[in-house]
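# A structural walkthrough
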Amino acid sequence: MKKAMTPSNILAALLLTITANSYLLVSTYRLFLPLLICVGMLIMGISLRILYRTRTPRWVFCHLGGNLLEIFSLSLLPSIVYHIILLIYLKNDWTVLFWSAVTCICVSAFVFWFGIICVYIASYQLGVKLRVLGILCGMIPILNLIILDKIIRTVMIEVEFEISREVKQKEQAERRICATQYPILFVHGVFFRDSKRFNYWGRIPKVLQNNGAQIYYGEHSSALSVPDSAAELSTRIRKIVEESGCEKVNIIAHSKGGLDCRYAIKNLGISPMVASLTTINTPHRGCLFADKMLGYIDQKTQDKIADFYNSALKRIGDPNPDFLAAVRDLTAEACAVFDRELTVPEEIYCQSFGSILNKATGGQFPLNVSYHLVRFFDGANDGLVGENSFSWGEHYELITTEGKRGISHGDMIDLNRENIPGFDVREFYVKLVSDLKDKGL
């Protein structure tokens, strides 16, 4: 729900209305102009009142933009009514009416564009869809106001949520609840790479680090067979242990990364260097969806898709990606073999988590499309992996939300940086890592 309009925004809207429609006053009393400049500064000051609550530039700009858009929307109707009255009062004096309208439009446009640029740059929750709708519907009367209201509502809810998180974070940070004995190693899934520009794990690592966690990344290739990915990860783990002196790592692995880690632990001699393995939405028993897709697509088409992917990934840093090898190792047949053979030493704590979408519309593209196909073959799923494939280890937990939303394969790693009602992904990982700390890991 959108919060009720604050008295300060109503006051600022009144001041904006007076300023935007002040042409007659300024043209008659020139000394009124400095006063209007002071009023404009007051409007900005009211909009920036969040400064006392946060020092994070993103939320300052986001809140400023949301306030300015709300102030702009509140001033529209009074400005229109004023110019209708002015039209009747001035009768045939079109020059004054014209310049009054121009002044009003320029002042209001300045407030609007300043606000919209702020929220477009700073907001996570607007997403691509709402941003595009804002652009496409900007010149369509009525519809543009509906979209603007949606933008304001989304931004204001986001800011309030993030500010409350900041307050909670400050309280948690002093206790260092994520300062585990051994560092955290994040292992990504298939078709992604670890990147400084776009973190595969979204906002999660920063929150964990703020709570005392030490973070490393797998830095392995995006698409290889399970044995080849495991080889890269085992080399990476040895390097981390050797250079940091940490002795062991706590692995948190998403999707295929969980299979890669199980293989490395069992077959590549790194089990003494692993304190725990947590798998997130890993297809331990494979994806029937992958089997069926490989069965339906002829070999020639498979090779073309693989060549396109492999060529593209080589350009961004993968030394020797192998699309088809990665996909084949996700089939139910291949994973059945892995699951049977890749037992884990008892001294390593193992747990798993999975999630399901309640409806296809709960997922972002392309998971909202693949959901139907996976459901046909695997039943309830996260958009890629069936529910029956997640469970593994000493502890297993299935995550979803009430209502239509649910939690997708990408939601579990904060891929879209979305605040989901009923599931705070950052707090989920804070609890996960703090539990590892409590276990002495």
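For the structure, check the block above.
To start, this report covers the structure provided alongside it. Quick caveat, the model's predicted, so the values are computed rather than measured. (Residues numbered from 1 in each chain as written. Predicted model: local features only at pLDDT ≥ 70, side-chain atom pairs only at ≥ 80, totals over all residues. Heavy atoms only, no water.)

### Quick look at the layout of surface pockets
Basically, it comes down to this: A pocket here means an open set of points on a 1 Å grid, computed over the protein atoms alone, that has protein on both sides within 12 Å along at least five of seven lines. A cavity is instead a set of points where a 1.4 Å probe fits but cannot get out; residues with an atom within 4 Å of a point line either one. Grid points are joined across faces, edges and corners, and a volume is the space filled by probe spheres set on the points. Only DSSP runs of H or I covering at least 4 residues are called helices, and only runs of E covering at least 2 are called strands; the numbering of each starts at the N terminus. When residues are sorted by character, Ala, Val, Leu, Ile, Met, Phe, Trp, Tyr, Cys and Pro go into the nonpolar class, Asp, Glu, Lys and Arg into the charged class, and all the rest, Gly among them, into the polar class.
Taken as a whole, the second largest pocket holds about 1100 Å³ of empty space. Lining the second largest pocket are 35 residues, with Val 190, Phe 191, Phe 289, Phe 323 and Leu 384 positioned closest to its centre. Breaking the lining of the second largest pocket down by element, the ones donating at least two residues are helix H11 (288-296), helix H12 (299-315), helix H13 (323-328) and helix H15 (367-378). Counted by class, the lining of the second largest pocket contains 26 nonpolar, nine polar and no charged residues.

### Quick word on the packing of aromatic side chains
This is how the line gets drawn: Two rings from Phe, Tyr or Trp (for Trp, the six-membered ring) form a pair when their centres sit within 6.5 Å of each other. Planes less than 30 degrees apart are called stacked, planes more than 60 degrees apart edge-to-face, and all others tilted. The rule is simple: take the accessible area with a 1.4 Å probe, protein chains only, and divide by the maximum for that residue type; under 20% is buried, over 50% is exposed, in between is partly exposed.
For the structure shown, the criterion picks out 18 aromatic pairs. Considering the side-chain rings of Trp 59 and Tyr 124, the 6.2 Å spacing of their centres and the 65° angle between planes classify their relative orientation as edge-to-face. Here the residue Trp 59 occupies a position in helix H4 (residues 57-90), and Tyr 124 occupies one in the loop between helix H5 (94-122) and helix H6 (127-136), the gap between them amounting to 65 residues. Trp 59 gets classed as buried once you look at its relative accessible area, which sits at 7%.

### Quick look at H12
Here is the rule: Here the expected span of a helix is defined as 1.5 Å times the quantity of residues minus one. Each C-beta atom gives one direction from the helix axis, and the arc is the one those directions make. It only takes one pair of heavy atoms within 4.5 Å for two residues to be counted as in contact.
For H12, which comprises 17 residues, the first-to-last C-alpha distance of 24 Å matches the rise-based estimate of 24 Å (1.5 Å per residue) to within 8%. For H12, the full list of buried residues reads Gln 302, Ala 306, Tyr 309, Asn 310 and Leu 313. Taken down its axis, H12 places every buried residue within 100° of arc, on the same side. Exposed and facing more than 90 degrees away from the buried side of H12 are Lys 300, Lys 304, Phe 308 and Arg 315. At its buried positions, H12 is contacted by H11 and H13.

### Some details on the sheet that holds strand E2 (residues 215-217)
The condition is simple: Criterion used throughout: strands pair if DSSP finds at least two bridges between them. A fitted line through C-alpha atoms serves as each axis, taken over the contacting stretch for helices, and the angle formed by two N-to-C directions is quoted from 0 to 180°.
The parallel open sheet is built from six strands, whose spatial order is E2-E1-E3-E4-E5-E6. At either end of the open sheet lies a strand with only one pairing partner, and these are E2 and strand E6 (395-399). In this sheet, neighbouring strand axes are inclined to one another by 20° on average, regardless of whether the strands run parallel or antiparallel. Taken together, the five bridges between strand E4 (residues 274-280) and strand E5 (residues 349-355) define a ladder with parallel strand orientation. By the bridge assignment for E5, Thr 279 is matched with Ser 352. Here helix H10 (residues 256-267) sits on the sheet and contacts strand E1 (184-187), strand E3 (249-254) and E4; the angle it forms with E3, its principal contact strand, is near 140°.

### Section: the pairing of E6
Applied cut-off: Crossover handedness is defined by viewing with both strands directed away from the observer: a clockwise path from the first strand over the helix to the second marks the crossover as right-handed.
Bridge count for E5 against E6 is five bridges, and the pairing is parallel. Within E6, the residue paired with Ser 352 across the bridge is Tyr 396. Crossover handedness for the path E5 to H15 to E6: right-handed.

### With respect to the packing of helix H1 (residues 7-20) against H4
Keep this limit in mind: We call two directions roughly parallel when the angle between them is under 35 degrees, roughly antiparallel when it is over 145, roughly perpendicular when it lies between 65 and 115, and oblique otherwise. Left-handed is the label given to a crossing in which the near helix is rotated counterclockwise from the far helix by less than a right angle, and right-handed is the label when the rotation is clockwise.
For the pair H1 and H4, the least separation of the axes is 8 Å and the interaxial angle reads 55°. Judged by the angle between their axes, H1 and H4 are oblique. In the crossing of H1 with H4, the sense of the turn from one axis to the other is right-handed. Across the interface between the two elements, Asn 9, Ile 10, Ala 12, Ala 13, Leu 16 and Thr 17 of H1 pack against Asn 67, Glu 70, Ile 71, Phe 72, Leu 74, Ser 75, Pro 78 and Ser 79 of H4. In terms of residue class, the contact of H1 with H4 is built from eight nonpolar, five polar and one charged.

### Some remarks on a nonpolar patch on the surface
We count it as follows: A residue counts toward a patch only above 30% relative accessible area and without a salt bridge, and it is joined to like-charged neighbours within 9 Å or, for Val, Leu, Ile, Met, Phe, Trp and Tyr, to nonpolar neighbours within 5 Å. Here the accessible surface of atoms and residues is derived via Shrake-Rupley with a 1.4 Å probe, and residues count as covered only by protein chains that are part of the display. Note on definitions: salt bridges are taken to be side-chain nitrogens of Lys or Arg within 4 Å of carboxyl oxygens of Asp or Glu.
There is a patch of nonpolar side chains on the surface, built from Ile 80, Ile 84, Leu 87, Ile 88 and Trp 94 and spanning about 540 Å² of accessible area. The element that contributes the greatest number of residues to the nonpolar patch is H4, accounting for four residues.

### Details of the packing of helix H9 (residues 226-244) against H10
Helix-helix packing is described using two parameters, namely the angle between the two axes and the distance between the axes. Put simply, H9 and H10 touch, their axes get as near as 8 Å, and they point 70° apart. If you check the angle between H9 and H10, you find them roughly perpendicular. Between H9 and H10, the residues in contact are Val 226, Pro 227, Ser 229, Ala 230, Leu 233 and Ser 234 and Lys 256, Leu 259, Asp 260, Cys 261, Tyr 263 and Ala 264, respectively. Classifying every residue of the contact of H9 with H10 gives eight nonpolar, two polar and two charged.

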